[in-house]
Amino acid sequence: MASVVLSRCEKYDAKRIETLLENALKQLPEIPQLHPGAKVLVKPNLLMKRDPDRHTTTHPAVVEAVVRVLQARGCEVTLADSPGGPFTEGMLPGLYALTGMKEVAERTGAKLNSSIEGAEVEVPDPIRSHMLTVMRCAAEADCIVSVGKIKTHGLTAYTGAVKNLFGLVPGMLKIDYHARYPDIDDFSDGVLDIVKWAKPCLSVLDGIVGMEGQGPSGGSPRAIGALVVSDNPHAADVVGAALIGLEPEQVSTLRAAARHGLLPVPQVLGEEVDSLAVPDFVKAAVESKALLVNPAFSRLVRSHPYLHRKKCVGCGVCQRSCPGKAIDIRDKIPHFDYKKCIRCYCCQELCPQTAIDVWRPFFLKWLQ
């Protein structure tokens, strides 16, 4: 059993969100890591340089509320994320400015991580990886708070508190994860190793406005009106996924948690899930592994990335982000080698122009 506090919240009002967070913490078991002087790393979802109004990233009002609640407990707060693509000192100021994190830091006095250094850490009771490389600021923190965004995801079906922690892996090393674990179940096991090491003491989900369709970057904003708070990231994700009509078995990271005995039964406090759930939330196109057993049949039903040429500016981000080396740029146009493609959809996730989508066979849509 793990407690999850679900609150109705329809506007990005930092003061209102702060009040909801304080009320939630009163209902959760005491979190001893959040003590005066504790060095707390707050990890929002900063997938790419996007204005908060596009709802690709965690909204700054939610992050500010989290920071203030932690500071009220005497914690020293650092904001940090390693977005998709290159992780350089030159790109961080622009990332923080455009996503609203710079203003949060200026208003609250929280520190913005400027280091791109990594650190080797050991995973307790590992599933796939005994050792990990994470951002040094994460390794040096006393505890980590995951502040994710409720969105659909073309690979894992859903991204929230757990998948958000994949951003603790610095820069292009995330591409190595996809190359090392092309199978979705293996990849999700790898993400669980990150969670096992990070042991987030608190998970907050921005579900005020989520993203539906081809998330985590190419979808459309969709109002949900929910704030999810828990001391267990898996429990938070069970509730977050339920809000957009997904069962745990439909989300690869939750399936992985269930396989390894890490998925608790959430005790939902506050609002009832059904009162805030959005039943017609548009899901991402995610393949069923059961349909891919027969190679001949899999060719009929397998999704793959495709290009909207009118949107493409030939920046090459897709090619640089491809773990399978399946993209070739010719005459400033990406060309896909589907025999090499491992269907991780990093190209779709990281395209700054949303010029890459996921093609889903009509037969697969009909079958599901």
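See above for the structure.
Residues numbered from 1 in each chain as written. Predicted model: local features only at pLDDT ≥ 70, side-chain atom pairs only at ≥ 80, totals over all residues. Heavy atoms only, no water.

Before going further, it helps to examine the overall build of the protein chain. Assigned secondary structure in the protein chain consists of 15 helices and 15 strands. In terms of overall size, the protein chain behaves like a compact globule, its C-alpha atoms giving a radius of gyration of 19 Å where 368 residues would be expected to give roughly 21 Å. For the C-alpha atoms alone, the extent of the protein chain along its principal axes is close to 60 × 45 × 40 Å. Contacts in the protein chain between residues at least 24 apart in sequence constitute 76% of all its contacts with a sequence separation of at least 6. Surface exposure of the protein chain reaches about 15,300 Å², of which carbon and sulfur atoms provide 51%. Measuring between centres, the 43 positive side-chain charges of the protein chain sit 7 Å from its 41 negative side-chain charges. (Helix = DSSP H or I, 4+ residues; strand = E, 2+ residues; numbered from the N terminus. Rg over C-alpha atoms; globule rule 2.2 N^0.38 Å. Contact = heavy atoms within 4.5 Å. Areas by Shrake-Rupley, 256 points an atom, 1.4 Å probe, with all protein chains shown as cover. Lys, Arg positive; Asp, Glu negative; His and termini not counted. Charge placed at Lys NZ, Arg CZ, Asp CG, Glu CD.)

With that settled, consider the nonpolar core. The biggest cluster of nonpolar side chains holds 73 residues, and the ones touching the most others in it are V42, L168 and W197. Within the second largest apolar cluster, 24 residues are counted, among which are L205, A236, L243 and V278. (Core = buried A, V, L, I, M, F, W, Y, C linked by side-chain atoms within 4.5 Å. Buried < 20%, exposed > 50% of the residue type's maximum accessible area, 1.4 Å probe, protein only.)

Next up on the list: the pattern of salt bridges. Throughout the structure, instances matching the rule amount to 19 salt bridges. The partner of D81 in a salt bridge is K43, with the nearest N and O atoms 2.9 Å apart. Taken together, the positions of D81 in the loop between β3 (76-79) and α3 (92-99) and K43 in strand β2 (residues 39-44) put the pair 38 residues apart, joining distant regions of the chain. The buried category is assigned to D81, whose relative accessible area is 2%. Between E212 and R222 there is a salt bridge whose closest N-O contact spans 2.8 Å. Of the two residues, E212 is situated in strand β9 (residues 202-212) and R222 in strand β10 (residues 220-230); the sequence distance between them amounts to ten residues. One continuous salt-bridge network, built from bridges that share partners, spans R128, D185, D186, D189, R255 and R259. (Salt bridge = Lys/Arg side-chain N within 4 Å of Asp/Glu carboxyl O.)

On to the packing of aromatic side chains. Here the structure, examined in full by the defined rule, presents four aromatic pairs. Each ring, one from F166 and one from Y177, has its centre 5.5 Å from the other, and the planes form 80 degrees; the classification is edge-to-face. With a gap of eleven residues between them, F166 in the loop between α6 (161-164) and α7 (173-180) and Y177 in helix α7 connect regions that are remote in the sequence. Relative accessible area serves as the criterion here: at 5%, F166 is assigned to the buried category. (Phe/Tyr/Trp six-rings, centres within 6.5 Å; stacked < 30°, edge-to-face > 60°.)

Counting across every chain of the model gives zero disulfides. Here C137 stays free of any disulfide, with the sulfur of C143 as its closest cysteine sulfur at 13 Å. Accessibility expressed as a relative area gives 16% for C137, which makes it buried. (Disulfide = S-S within 2.5 Å.)

Attention shifts here to the environment of I329. One can find I329 in strand β13 (residues 327-330). In this structure, the C-alpha to C-alpha distance between I329 and A257, residues 72 residues apart in sequence, is 38 Å. Ignoring any residue separated from it by four or fewer positions in sequence, one finds I329 in contact with G316, C318, Q319 and P334.

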